[in-house]
Amino acid sequence: MNAQATESPESPEPAPGLTLVSHEGKPYRFDPGTLCLELLPTGGPGPFARYEVLHTPADLVTWAGRSRLADGLGLTVTEDELERTRAVRDALFLLTADRAHGRPPRSAHLDAVNEAAAAPPLVSRLTPEGTRVWAPGATGTQLLSTVARDAIDLFSGPFADRVRECGAHDCFLLFVDTSRPGRRRWCAMEHCGNREKVRAHRARATRPDDRTTP
């Protein structure tokens, strides 16, 4: 779990996902595969609360601007909406972790997501030029409903069985594998994937040669 980093202004069309920062201070790209899972690296329940980045309503507005939602969302968030978002995020975090590890969902987590999804979602509009824009007056409640509905689509859809936790022993980032082969193991190849390669190489280098006889 890592804090979000600021998007680079030199990248007008970044790859889907979020720019995170490792414990060593190195940025890397993490694509969890869907909007709802992009919310999880902002913090979490229990020991993951130390990674909290949604301290103020402005932080949630910033997150929305860096998410895979289309640009131009004029969002207003209240303190109450921020608190509800953190609570639903924590429930979604545990719901996703349970799914990744084959555990049955807990009713309290399902209730939290379903209740958030019951509110009206964000609204988009069609312009005369044939482009899509966000309707004015977007609220934190609408944002949370959109995220919760995305979670329902994920857990009831064709990729529900591809919800996974990073394969590294010390990484708990959650993602859905939408790749064609369905063999994704790492939060990011440039981060945990490379670390695992280095670890495996060192293990082979220090392993006694089985061909050597006494």
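From a predicted model like this one, the values you see are computed outputs, not experimental measurements.

Thresholds, definitions, all that
- Along each chain, numbering runs from 1 in the same order as the chain's sequence is written.
- Two thresholds apply to this predicted model, a pLDDT of at least 70 for residue-level local features and 80 or more for giving and counting side-chain atom pairs, whereas whole-chain, interface and lining totals are computed over all residues.
- The side-chain figures draw on all heavy atoms in the structure; neither hydrogens nor water molecules are used.
- Helix and strand assignments come from DSSP, with helices taken as H or I runs of at least 4 residues and strands as E runs of at least 2, each series counted from the N terminus.
- Only protein chains enter the calculation, and the probe is 1.4 Å; a residue is then buried if its accessible area is under 20% of its type maximum, exposed if over 50%, and partly exposed in between.
- Should any heavy atoms of two residues lie within 4.5 Å, those residues are considered in contact.
- Only Phe, Tyr and Trp rings take part, Trp by its six-membered ring, and two of them pair if their centres are within 6.5 Å. Stacked means planes under 30 degrees apart, edge-to-face means over 60, and tilted covers everything else.
- To count as a disulfide, a pair of cysteine sulfur atoms needs to be within 2.5 Å.
- Each helix should span, by expectation, one fewer than its residue count multiplied by 1.5 Å.
- We treat two strands as partners when DSSP finds at least two bridges between them.
- Joining through side-chain atoms within 4.5 Å is the link that ties buried Ala, Val, Leu, Ile, Met, Phe, Trp, Tyr and Cys residues into a set, and such a set is a nonpolar core.
- Any Lys or Arg side-chain nitrogen located within 4 Å of an Asp or Glu carboxyl oxygen qualifies as a salt bridge.
- Every axis in this analysis is a line fitted to C-alpha atoms, fitted for helices over the stretch in contact. Angles between the N-to-C directions lie between 0 and 180 degrees.
- Convention used here: angles under 35 degrees read as roughly parallel, angles over 145 as roughly antiparallel, angles from 65 to 115 as roughly perpendicular, and any remaining angle as oblique.
- Note on residue categories: nonpolar means Ala, Val, Leu, Ile, Met, Phe, Trp, Tyr, Cys or Pro, charged means Asp, Glu, Lys or Arg, and polar means any other residue, Gly included.

Here we come to the overall build of the protein chain. Counting its regular elements, the protein chain contains six helices and eight strands. Each helix (α) and strand (β) of the protein chain, taken in turn from the N terminus, gives the series β-β-α-α-β-α-α-β-β-β-α-β-β-α. For the protein chain, buried positions account for 42% of its 214 residues. By sequence separation, contacts in the protein chain at least 24 residues apart represent 53% of the contacts at least 6 residues apart.

Turning our attention to the packing of aromatic side chains. The description of two aromatic rings rests on the distance between their centres and on the angle between their planes. Taken as a whole, this structure holds two aromatic pairs when the rule is applied. Ring geometry for Phe 48 versus Phe 93: centroids 4.8 Å apart, planes at 45°, classification tilted. Of the two residues, Phe 48 is situated in the loop between helix H1 (35–38) and helix H2 (57–66) and Phe 93 in helix H3 (residues 79–100); the sequence distance between them amounts to 45 residues. Residue class for Phe 93 comes out buried when judged on its relative accessible area of 5%. Taken together, a centroid distance of 5.6 Å and an interplanar angle of 75° make the contact between Phe 48 and Phe 172 edge-to-face. With Phe 48 in the loop between H1 and H2 and Phe 172 in the loop between strand S7 (163–165) and strand S8 (174–176), this residue pair connects regions lying 124 residues apart in the sequence. Here the aromatic residues Phe 48, Phe 93 and Phe 172 are joined through ring pairs into a cluster of three or more.

This part takes up the state of the cysteines. Put plainly, two cysteines are in a disulfide when a covalent bond ties their sulfur atoms together. Summed over the entire model, instances satisfying the criterion amount to zero disulfides. Looking at Cys 171, it has no disulfide partner, and the nearest cysteine sulfur is the one in Cys 166, 3.8 Å off.

Turning next to helix H5 (residues 140–156). Over its 17 residues, H5 extends 24 Å from the first C-alpha to the last, a length consistent with the 24 Å expected when each residue adds 1.5 Å. Three or more residues of H5 are buried, namely Gly 140, Gln 142, Leu 143, Leu 144, Ser 145, Thr 146, Val 147, Ala 148, Asp 150, Ala 151 and Leu 154.

We now examine the pairing of strand S1 (residues 18–21). The sheet contact formed by S1 and strand S2 (residues 27–30) spans four bridges and is antiparallel. Residue pairing across strands places Val 21 opposite Pro 27, the latter belonging to S2.

Trp 63, Leu 73 and Leu 143 are the most contacted members of the largest nonpolar core, which totals 36 residues. Elements with a contribution of two residues or more to this core: H1, H2, H3, helix H4 (107–117), H5 and S8. Of all hydrophobic cores here, the second largest spans 13 residues; its members include Leu 18, Phe 30, Cys 166 and Ala 188.

As a further point, take the environment of Leu 82. Its location among the elements puts Leu 82 in helix H3. With 58 residues separating them in the primary sequence, Leu 82 and Gly 140 have C-alpha atoms 7.2 Å apart. In contact with Leu 82, not counting residues within four places along its chain, are Leu 54, His 55, Thr 56, Pro 57, Leu 60 and Val 77.

The next point concerns the pattern of salt bridges. Applying the stated criterion across every chain yields a total of eight salt bridges. A single salt-bridge network, built from bridges that share partners, covers Asp 31, Glu 38 and Arg 68.

The next thing to look at is the packing of H3 against H5. Packing of H3 against H5 leaves a shortest axis separation of 10 Å and a crossing angle of 10°. Overall, the two elements H3 and H5 adopt an arrangement that is roughly parallel. Residue-level contacts link Glu 81, Arg 84, Thr 85, Val 88, Leu 92, Leu 95, Thr 96 and Arg 99 of H3 to Gly 140, Thr 141, Leu 144, Ala 151 and Phe 155 of H5. Residue classes in the contact of H3 with H5 are distributed as six nonpolar, four polar and three charged.

As far as function goes, none of this settles anything; it's purely spatial.
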